[in-house]
Amino acid sequence: MLSLILAKKIFSLFIIMLMSMTLVRMKIVKASDSKIMSILLLYLFFPCVILESFQIDFTPEIQHGMLLSTGAAVVVQALLLAMGTFLKNTLHLNAVEQCSVIYSNAGNLIIPLVVAVLGPEWVIYSSSFLAVQLVLFWTHMKSTMARETHIDLKAVFKNANMIAILIGLVLLFTGLRFPAPVNDALHSLGLVIGPSAMIIAGMLLGDMSWEKIKSYKRVPLVAFLRLLIMPLVVLLFLKYSGIAGFSPQGETILLITLLATATPSATTCVSMASLFDNQPEYASVINVVTATLCTVTMPLIVWLYQL
């Protein structure tokens, strides 16, 4: 049942992406216009949803759930890194392919999907995965894309979403609450993140020719690894390791971790590739193709998890 709800939600987001793509194809807007919305999404919408998710009572149940989601996020990310290194050496993946396989687009998709499928009260458990992934974005991914060994930890904690998580934790532990008007504003902005993310994806897709997409011969391989192989390995670990028993709501919390793993390749891969001039167009093609195919693969992964 949950996989069907997820499929409907992803398909509705996909329709929004098609609408946005059509606007670009009709020359009404430009793909470059998506940059403004990307900034709003990263620096305003996501932090608002994260902050709102921490406005709850810190009960023993929440405490156990947070510990479970954080522990699962650390183990899963370590597993993905190990698999990515193995696949890099085995299949001779380049930097863009390796990062696209390891890192999912959890930041853009997991929050709107969790809100739509499970409810806003569950977003707090997705924050654990996002926090761990943000650290790796600005350490492992950055050094891989930039072909460097130096790691800038300051960049990790200057990220808007990481700041929102840290503030949220302080509010959670102290029991402080925002006034009602502030909470209403946070909630209202949070409602637009799903459509906004898909509008951006559609604008990027609308500016690409199918001939260009087809010219990258290894995209199907990367998509297969990102959308099926990596999530299936994580699924086996989450489902049969027994760690779900650590929390009364363990199965649902681990489902959130699985959803975060099963999303398309991270849009941060595109940003990093562009920043360091490391095949940004190739990274964009991988991102768009996996975003399209996930409408089928994500419900499949959830269905297998629920068997």
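If you're wondering where the values come from, they're calculated on a predicted model, not measured in any experiment.

**Describing the confidence of the model for the protein**
Reasoning step 1: Averaged over all residues, the pLDDT of the protein is 85; the fraction at 70 or higher stands at 97%.
Reasoning step 2: Looking over the protein, one finds the lowest element-wise mean pLDDT in helix α7 (residues 153-157), namely 71, and the highest in helix α12 (residues 219-240), namely 96.

**Overview of the side chain of threonine 297**
Reasoning step 1: On the secondary structure map, threonine 297 appears in helix α15 (residues 280-306).
Reasoning step 2: Aside from chain neighbours lying at most four places away, what touches threonine 297 is Leu227 and Leu228.

**Details of the nonpolar core**
Reasoning step 1: Counting 97 residues, the largest nonpolar core has Ile110, Ile111 and Met145 as its most contacted members.
Reasoning step 2: Top contributing element to this core by residue count: helix α6 (residues 123-146), with twelve residues.
Reasoning step 3: Excluding residues within four positions of it along the chain, isoleucine 111 makes contact with Phe46, Val49, Ile50, Ala106, Val123, Ser126, Leu130 and Ile193.

**Points about helix α14 (residues 267-275)**
Reasoning step 1: The set of residues buried in α14 consists of Thr268, Cys269, Val270, Met272 and Ala273.
Reasoning step 2: Structurally, α14 contributes buried residues whose contacts are with α4 (95-102), α6 and α15.
Reasoning step 3: Backbone geometry just downstream of α14 places aspartate 277 in the positive-phi region, at approximately 50°.

Rules behind the numbers
Residues numbered from 1 in each chain as written. Predicted model: local features only at pLDDT ≥ 70, side-chain atom pairs only at ≥ 80, totals over all residues. Heavy atoms only, no water. pLDDT = per-residue confidence, 0-100. Helix = DSSP H or I, 4+ residues; strand = E, 2+ residues; numbered from the N terminus. Contact = heavy atoms within 4.5 Å. Core = buried A, V, L, I, M, F, W, Y, C linked by side-chain atoms within 4.5 Å. Buried < 20%, exposed > 50% of the residue type's maximum accessible area, 1.4 Å probe, protein only.

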